[in-house]
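So you can see what is in the structure, the chains are spelled out below.
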Amino acid sequence: MLSKIKIAVYGLGYVGLPLAIKFGEKFKTIGFDIDPDRINNLKNYIDKNAEITEEELKGANLLKFTYDLQDIKECNFFIVTLPTPIDDQNNPDLTLLENGTKEISKFLKPNDIVVYESTVFPGCTEEYMVPILETSGLKYNHDFFCGYSP
């Protein structure tokens, strides 16, 4: 079963990039980010954030980087690592998370798994993200599965 897993890490910031690298050492993994400059640097083994070394990037030989959403459509395990900034009132802005979830819902297939590794409040995944994923026509906990990694 694990041999058929293809992972997409959606967002390559300080959470997503190290995660993509670790998974990319063992599993087919696609690291997705909307920033073409970030992707081009990572393809050249450069992390402008200086959190990951060239050797670590080279060691993840099953990891591919992309800014093209079409490249993640064949994935079956999606890990969402997008930021959730807060406003002046300390309320979370879920816009980035909602937009990323809408994109993933376009590719969601039966038995796919989506895991959120973004900082969100209790209930956010099931109350806000799952209904967006269900716009795919698939039903949560029947056709696809979803989780949250605090």
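Look above for the structure.
Everything numeric in this text was worked out from a predicted model, so none of it was measured.

Colleague: Break down the pattern of salt bridges for me, citing the residues and quoting the values.
Modeller: Going through the model one piece at a time under the given rule, you end up with five salt bridges. In this structure, lysine 22 engages glutamate 25 in a salt bridge whose closest nitrogen and oxygen atoms are separated by 3.8 Å. When its relative accessible area of 54% is taken as the criterion, lysine 22 is described as exposed. Among the residues examined, glutamate 25 registers a relative accessible area of 32% and is labelled partly exposed. Linking aspartate 47 and arginine 38 is a salt bridge whose minimum nitrogen-to-oxygen distance equals 2.8 Å. Side by side, aspartate 47 and arginine 38 carry an identical accessibility label, which is buried.

Colleague: For helix H4 (residues 95-105), give the residues involved together with the corresponding values.
Modeller: Restricting attention to buried positions, one finds in H4 the residues Leu97, Gly100, Thr101, Ile104 and Ser105. Looking down the long axis of H4, one finds its buried residues gathered within 140° of arc, a one-sided arrangement. Against the buried residues of H4 lie strand S1 (6-10), strand S4 (77-80), strand S5 (113-116) and helix H5 (124-133).

Colleague: Talk me through the packing of aromatic side chains; I want residue IDs and the actual numbers.
Modeller: Taken as a whole and assessed by the stated rule, the structure comprises four aromatic pairs. With a centroid separation of 6.3 Å and 55° between ring planes, the pair formed by phenylalanine 23 and phenylalanine 27 is classed as tilted. Assessed through its relative accessible area of 24%, phenylalanine 23 is described here as partly exposed. Measuring from centroid to centroid gives 5.7 Å for phenylalanine 121 and tyrosine 128, while their planes differ by 90°, and the two rings are edge-to-face. For phenylalanine 121, a relative accessible area of 30% gives the class partly exposed. One Lys or Arg, lysine 58, reaches over the ring of tyrosine 45 and ends 5.2 Å from the middle of that ring.

Colleague: Run through the environment of tyrosine 10, naming residues and quoting values.
Modeller: Relative to the helices and strands, tyrosine 10 is located in strand S1. Residues tyrosine 10 and serine 136, 126 residues apart in the sequence, show an inter-C-alpha distance of 18 Å. Not counting residues up to four positions away in its chain, the partners in contact with tyrosine 10 are Phe32, Leu69, Ile72, Ile79, Val80, Thr81, Leu82, Gly100, Glu103 and Ile104.

Colleague: Tell me what's going on with H5, and back it up with residues and numbers.
Modeller: For H5, the set of buried residues is Cys124, Thr125, Met129, Val130, Ile132 and Leu133. One face of H5 carries all of its buried residues, which in axial projection span an arc of 155°. For H5, exposure combined with an orientation more than 90 degrees from the buried face picks out Glu126 and Glu127.

Colleague: Run through the environment of phenylalanine 107, naming residues and quoting values.
Modeller: Its location among the elements puts phenylalanine 107 in the loop between H4 and S5. According to the relative accessible area criterion, phenylalanine 107 is buried, its value standing at 12%. With 29 residues separating them in the primary sequence, phenylalanine 107 and serine 136 have C-alpha atoms 7.9 Å apart. The residues touching phenylalanine 107, leaving out its near neighbours within four places in the chain, are Leu69, Gln70, Ile72, Lys73 and Asp112.

Conventions used here
Residues numbered from 1 in each chain as written. Predicted model: local features only at pLDDT ≥ 70, side-chain atom pairs only at ≥ 80, totals over all residues. Heavy atoms only, no water. Salt bridge = Lys/Arg side-chain N within 4 Å of Asp/Glu carboxyl O. Buried < 20%, exposed > 50% of the residue type's maximum accessible area, 1.4 Å probe, protein only. Helix = DSSP H or I, 4+ residues; strand = E, 2+ residues; numbered from the N terminus. Arc of directions from axis to C-beta. Contact = heavy atoms within 4.5 Å. Phe/Tyr/Trp six-rings, centres within 6.5 Å; stacked < 30°, edge-to-face > 60°. Lys NZ or Arg CZ within 6 Å of the ring centre and 35° of its normal.

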